[in-house]
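# Chain and residue survey
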Amino acid sequence: MAVSILAGKDRISLGNGFDLRLLSALEVLQARRESGELAAGEGERALCSNACLLARALEKTEDKTPVFSGGQEVLAGLTVEEIAALAGRWSAFSRESGPGLDLSPEELEKVKKNSGATPGSGCAGVC
């Protein structure tokens, strides 16, 4: 993912040679789809979702390459507790990095400039 438009930083170091990075909306959708394929039932969905998210978010600090190739590899390589802890750290980081309601006027202008207007016909859906 390119650097986030709004986030102050797009990755955090875990201090052990690995980083967690923010994911694009597309990557989150891909993780959800993959977890749907992995989970055999509702009871497995949360664990599989977290594993698929981590497969995309966990990278080596040195060269920014993924540690795991997919959610199944995360499930095979980490314990339930490790997956839960890392997913919790990613979730907290994502919340902290997201824009809040406390944007300064300068930050708000930056958001407005970086968000594209949707092309329209000018007929407001009546045409």
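Remember, predicted model here, so these are calculated numbers, not experimental data.

All right, on to unusual backbone geometry then. Look at Lys64: it is not a glycine, yet its phi comes out positive at around 60 degrees. Following the sequence through the fold, Lys64 ends up in the loop between strand E3 (58-60) and helix H3 (71-77). The exposure class assigned to Lys64 is partly exposed, which follows from its relative accessible area of 48%.

The next subject is the packing of helix H1 (residues 25-38) against helix H2 (residues 42-57). It is at 8 Å that the axes of H1 and H2 come closest, and there the two elements cross at 135 degrees. Considering the angle they form, H1 stands oblique to H2. Between H1 and H2 lies a crossing of right-handed hand. Across from Glu27, Gln30, Ala31, Glu34, Ser35, Gly36 and Leu38 in H1, the residues of H2 making contact are Glu44, Arg45, Cys48, Ser49, Cys52, Leu53 and Arg56. Residue composition of the contact of H1 with H2, grouped by class: five nonpolar, four polar and five charged.

We now examine the environment of Pro66. For Pro66, the position within the fold is in the loop between E3 and H3. A sequence separation of 10 residues divides Pro66 from Arg56, and the C-alpha atoms of the two residues are 6.7 Å apart.

Our focus in this paragraph is helix H4 (residues 80-97). With 18 residues, H4 should cover 26 Å at 1.5 Å per step; its first-to-last C-alpha distance of 26 Å lies within 8% of that length. Every buried residue of H4 is accounted for by Ile83, Leu86, Ala87, Trp90, Phe93 and Ser97. In a view along the axis of H4, the buried residues occupy a sector of 125 degrees, so they form one face of it. For H4, exposure combined with an orientation more than 90 degrees from the buried face picks out Glu81, Arg95 and Glu96. Buried residues along H4 sit against strand E1 (11-13), strand E2 (18-21), H2, E3 and H3.

In this section: the confidence of the model for the protein chain. For the protein chain, mean pLDDT is 84; residues scoring 70 or higher make up 72% of the total. Here residues 118-125 is modelled with pLDDT under 50, and outside its nearest four sequence neighbours on either side it reaches zero contacts, counting other chains as well.

Looking along a regular strand, one sees side chains alternate from face to face of the sheet. Inspection of the sheet shows E1 paired to E2 by three bridges, in the antiparallel sense. Of the residues in E2, the one forming a bridge with Arg11 is Arg21. Between the end of E1 and the start of E2, which pair antiparallel, lie four residues, with Gly15 showing a positive phi angle near 80 degrees. With three bridges connecting them, E2 and E3 associate as antiparallel partners. In the strand pairing of E3, Leu20 is matched with Leu58.

The rules behind the values
- Residues numbered from 1 in each chain as written.
- Predicted model: local features only at pLDDT ≥ 70, side-chain atom pairs only at ≥ 80, totals over all residues.
- Heavy atoms only, no water.
- Helix = DSSP H or I, 4+ residues; strand = E, 2+ residues; numbered from the N terminus.
- Buried < 20%, exposed > 50% of the residue type's maximum accessible area, 1.4 Å probe, protein only.
- Axes fitted to C-alpha atoms, helices over the stretch in contact; angles between N-to-C directions.
- Parallel < 35°, antiparallel > 145°, perpendicular 65-115°, else oblique.
- Left-handed = near helix turned anticlockwise from the far one by under 90°.
- Contact = heavy atoms within 4.5 Å.
- Nonpolar A, V, L, I, M, F, W, Y, C, P; charged D, E, K, R; others polar.
- Expected span 1.5 Å × (residues − 1).
- Arc of directions from axis to C-beta.
- pLDDT = per-residue confidence, 0-100.
- Pairing = 2+ DSSP bridges.

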